[in-house]
Amino acid sequence: MQQGQRLKEATEGQIVQAGNKIGGAFKIGKPVYQEKRLKLFNEIYQRQKAELEAKEKTPITITLKDGKKIEGKKWVTTPLMIAVGISKKLAENMVAAKVVYDNLFEKNFVDVDHEDQQQQASTLNLKPDYVIWDLTRPLEGDCQLELLSFEDNNGKEVFWHSSAHILGSALEEVYGCHLCIGPAIDGGFFYDCYIGDYKVTQNDYVKIEKAASDLAASKQEFQRAVLTKDECLELFGTNPFKRQLITNKIPEGAMTTAYKCGNLIDLCTGPHLPNTSYVKAFQVTKNSAAYWLGKNTNDDLQRVYGVSFPSKKLLDEYVKIQKELALRDHRNVGKKQNLYLFHQLSPGSAFFYPSGAHIYNTLMNFLRRQYYIRGYQEVISPNIFNAQLWKISGHYDKYKENLFFINMGEEGEYGLKPMNCPGHCLMFDMIQHSYRDLPVRFADFGVLHRNEVHGALSGLTRVRRFQQDDAHIFCRMDQIQEEIKSCLDFLSYIYSLFGFEFKLYLSTRPEKFLGTKEVWDNAEYQLEQGLKKFGKPFEVNPGDGAFYGPKIDVKLYDAYKREHQCGTIQLDFNLPERFNLQYRASEDVQEVQQDKEQLHNEQVQVAQEIIDVVRKASHHSDTDNIPTPPQQQQPAEVPVEEKAPQEQNFKKQKKQKQQKEPQQQQQQEQHKKQKLPEDIIESGSSQGLSQHELHKVLHEKKYELGYHHLKAGFARPVIVHRAILGSLERMIAVLTEQCGGKWPFWLSPKQLVLCPVSAYYKDVAEKIAARLRLEGYTVNTDESDQTLAKKVRNAQIQYYNFVGVIGEEEVRAGVIDVRDCEKNTRIGKLTIPQLCKFFESLKPPKSNVEVEIHEHDDSHLKLNDELQEKMFLEGNGYAVGKRDYDEFAKIKDIDPALQNLIRWHKYMTHLTKKDEVPEKAEQVEQKQE
């Protein structure tokens, strides 16, 4: 389980709740329920301890990470015993163990505060599944063992999860509260608790920390017990929140586990530290409000965050970093530098001022250039769509609460787009594509809106209005591998510009997935090969892929080792199926004609069906206005003697009708084949159908949910969802804190400020500034009456990259005295061309794609001496002939696509020289005359 996963699952509202509020009246006081709870737990714990003692102690073999084998006893030997046997100092620094069992003897238990998901086996070569084990828990069989310290990510999660229990115990002691959920998260842990109407404040931190520190110092053991559902309900009978978790998540007859430390007992599958004394430093970091199960209609909770470490030194380092991060907080820097602000009349939507807009646009323009180089096509798609689009894509059912909807009256419900992929599917579908056209790479910077909960909004990191560097690649299965590698190269280049490190994770087939196992196996193989070609190490997350396809998760780390989720690369088999996307996979002329006729007939049939349905509905709705037809009289009874001739006439007419039916049917089919959908629409208009209804005739039927049959000679594309920066707002927040407001020159909104030494040189400074702006640089002038030293100091405070001084000497020499504000060093006196060349050198380095293009140009466009001096022997002035290859061997080294260009160049040069000879002779004659 990854860090923070408990938090996600615990707040997604997985529990079915009968009523909104279950907390009830509450009064702060001593936790009177503890005594009964402790007594019951101790009885269970002692009983199970005796059962463990009675188990057969058979020999087992424990294999350490270095390959060393140690003999132990089943149900007796613990990882801590093995650690002590190696080194007592080593044992003191270990917090948990990673164990790979040959056979796990103990059954699985229900994790009450986490949604378990079974994982489908993947065809990828994975390491054996491991479990994180308590150091004091006896081993259950032959196994491989690795001891974990606080520095290991799994060890850190165990440490902080145990610290969350310490925090929960402190909250019970201080408030007598009802504990809810307390997971480990990135950077620490938190605990949700119900305290009625009471609000935790910073004034409460001291007493919470004291209660936690006292428990840690008391060296209380973490004791584990296995519980039935009835035992759980009895233990937590006074806590309505725990009872709801138990009732909803533990099936009848299933088992779960609980841990005790001090007076606290909490449902948990562990593992945990041996005892509380491992926590040497504890601090409450912040608090906030929360909702039970993350729903604002449920009970209000108080959430208290904390962090802990195995030494005071680590806590001091943490505090120091947090102070630096507070200064770098993008909300503070954004306000200080006038980059972006927020207003209560548009929550979750940033107002970007000129400097912030410069950063925003520079990022987009930089990506646009890379898109152009890498074969992407930028598109613009609508911001608002009919709700039918979201129903087709599946977002209406699974994402409806995050969409902004608009009622358009007769046209129905419309919504602002929260992502670009459904719109791009429509764009792909509206134009027929051949397999030769693929891959089609659509890039879109369209404005997106997501209806985030107001309490979740946080600066630029969680907003309602944003833009993404969003791209969707429509490709064939055999193109996936190369496209994935290309995306990873692109991502690596962009992240390197900002000094980011990143890790890659391949997430494979989950339990519930769309498509066939064979398709998934192939897709996972393609992703794996693409990752291997890229060359950077990656880890596999079995069963963590999306239901519509496997994906590559990209975790980005800034200068402070904080993790950010920005980029993503995902394969999608779902949307192509839902939108019935197809491309021509066959070039057979007969099949193409058959497909066209079949499509035409289907359109006509569908259109006629819908018109008939609408006409029928219209007829039924207007029955009150239609006069009742006269009642038909009953036919008079025919005498028996007259029936025989009538029957003969009837049979004769019937036979004639049967003979005419095939001919009429053939004529109708021919007429139907010739009748265009436009004719159907025209006939529909005459029958009173609105233009909106007619629009559905040929289009809406196609986008219905369900299985879509592929036409003969067609195949379905795969979509690669690709984002590198992700949300531009979020990335700007990350960059702001990464740079601390000191923007790299190419991205900076304040690249240069010109400081005239006196008012006499203001005009010169302004003209130079205008000239540099023309070159595309952001330049301002400081025309204040302050001293030069003060102006330079102001430029440093305002985070300008460079300051240029202009005085009498500079004007006379035609130069600018340039200084580096950050380094506080002098660059030198430069002319405007020299300054532009210097600034050009500060732009981002070229990507591998650009370097390869330039190398190609250098090696193929440079003509060698032999080709410059001699004419080609064949061709019509354009084409290179066979004799040219035989005569000039070096021509083979030139790109074939450029050989004709070279031939044309040589031919035109020859003609020019040929024309010059008569002209010179004529000039000589005129001179002589």
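- Looking up the chain in an unreviewed UniProt entry gives the name Probable threonine--tRNA ligase, cytoplasmic, with the organism given as Paramecium octaurelia.
- Turning to the chain, the UniProt annotation filed under Sequence similarities (unreviewed entry) states: "Belongs to the class-II aminoacyl-tRNA synthetase family."
- Per UniProt, the comment on the chain under Catalytic activity (unreviewed entry) is "tRNA(Thr) + L-threonine + ATP = L-threonyl-tRNA(Thr) + AMP + diphosphate + H(+)".

**With respect to the overall build of the chain**
Piece 1. When helices and strands are counted, the chain shows 30 helices and 35 strands.
Piece 2. Across the 929 residues that make up the chain, the buried fraction comes to 46%.
Piece 3. Look at the contacts in the chain between residues 6 or more apart in sequence, and 74% of them connect residues 24 or more apart.
Piece 4. Accessible surface, the chain: about 50400 Å² in total, of which carbon and sulfur atoms supply 50%.

**Some remarks on helix α5 (residues 153-175)**
Piece 1. Over its 23 residues, α5 runs 32 Å from end to end, which matches the ideal 33 Å to within 8%, given 1.5 Å per residue.
Piece 2. Within α5, 20 of the 23 residues are buried, which leaves the element mostly enclosed by the surrounding structure.
Piece 3. Of the residues that open α5, the one with a side-chain oxygen 2.8 Å from the backbone nitrogen of Asn 154 is Asp 152.
Piece 4. Downstream of α5 by one or two residues, Gly 176 has phi in the positive range, about 65 degrees.

**Describing the pairing of strand β8 (residues 188-194)**
Piece 1. Within β8, seven of the seven residues are buried, which leaves the element mostly enclosed by the surrounding structure.
Piece 2. Covered by surrounding structure in β8 are Gly 188, Phe 190, Asp 192 and Tyr 194 together with Phe 189, Tyr 191 and Cys 193, the residues of both alternating faces.
Piece 3. Strand direction decides the pairing type here: strand β6 (residues 178-179) and β8, joined by two bridges, are antiparallel. When the bridges of β8 are listed, Leu 179 appears paired with Cys 193.
Piece 4. Connecting strand β7 (residues 184-185) to the next strand, β8, in antiparallel fashion are two residues, including Gly 187 with a positive phi near 85 degrees.
Piece 5. Two elements, β8 and strand β13 (residues 300-309), share five bridges in a ladder whose sense is antiparallel.

**Quick look at unusual backbone geometry**
Piece 1. Note that the residue after Gly 270, namely Pro 271, is joined by a cis bond; omega there is 0 degrees.
Piece 2. Within the secondary structure, Pro 271 is located in the loop between β11 (264-267) and β12 (281-291).
Piece 3. Across the junction of Leu 438 and Pro 439, the peptide omega takes the value 5 degrees, indicating a cis bond.
Piece 4. Even without being glycine, Trp 75 reaches a positive phi, approximately 70 degrees.
Piece 5. Within the secondary structure, Trp 75 is located in the loop between β2 (69-73) and α3 (79-86).
Piece 6. Assessed through its relative accessible area of 12%, Trp 75 is described here as buried.
Piece 7. Within the chain, Leu 293 stands out as a residue other than glycine whose phi angle is a positive 65 degrees.
Piece 8. With respect to the helices and strands, the residue Leu 293 is situated in the loop between β12 and β13.

**A look at a nonpolar patch on the surface**
Piece 1. Taken together, the side chains of Ile 384, Ile 406 and Met 408 present a nonpolar region at the surface, about 220 Å² in accessible area.
Piece 2. Positionally, Ile 384 belongs in strand β17 (residues 384-386).

**Points about the pattern of salt bridges**
Piece 1. Here the structure, examined in full by the defined rule, presents 36 salt bridges.
Piece 2. Residue Arg 137 is joined to Glu 140 by a salt bridge in which the shortest nitrogen-to-oxygen separation is 3.4 Å. Here Arg 137 matches Glu 140 in class, with each residue buried.
Piece 3. Its salt-bridge partner being Arg 441, residue Glu 483 comes within 2.8 Å of it at the nearest N-O pair. Linking Glu 483 in helix α15 (residues 480-497) with Arg 441 in strand β21 (residues 440-444), this pair joins segments that are 42 residues apart in sequence. Taken as a pair, Glu 483 and Arg 441 share a single burial class, namely buried.
Piece 4. Salt bridges sharing partners connect three or more residues here, namely Arg 509, Lys 517 and Asp 521.

**So, the sheet that holds strand β28 (residues 583-584)**
Whenever strands of a sheet pair, they do so through backbone hydrogen bonds, lying parallel or antiparallel.
Piece 1. One open sheet holds the three strands; their spatial order is β20-β28-β29, and the pairing between them is mixed. The open sheet is flanked by β20 (433-434) and β29 (714-715), the only strands paired with a single partner.

Rules of the game
Residues numbered from 1 in each chain as written. Predicted model: local features only at pLDDT ≥ 70, side-chain atom pairs only at ≥ 80, totals over all residues. Heavy atoms only, no water. UniProt positions renumbered as here; feature names shortened; annotations may be inferred. Helix = DSSP H or I, 4+ residues; strand = E, 2+ residues; numbered from the N terminus. Buried < 20%, exposed > 50% of the residue type's maximum accessible area, 1.4 Å probe, protein only. Contact = heavy atoms within 4.5 Å. Areas by Shrake-Rupley, 256 points an atom, 1.4 Å probe, with all protein chains shown as cover. Expected span 1.5 Å × (residues − 1). Polar contact = N/O pair within 3.5 Å; in protein donor to acceptor, adjacent residues only side chain to side chain. Pairing = 2+ DSSP bridges. Patch = residues over 30% accessible without salt bridge, like charges linked within 9 Å, V, L, I, M, F, W, Y side chains within 5 Å. Salt bridge = Lys/Arg side-chain N within 4 Å of Asp/Glu carboxyl O.

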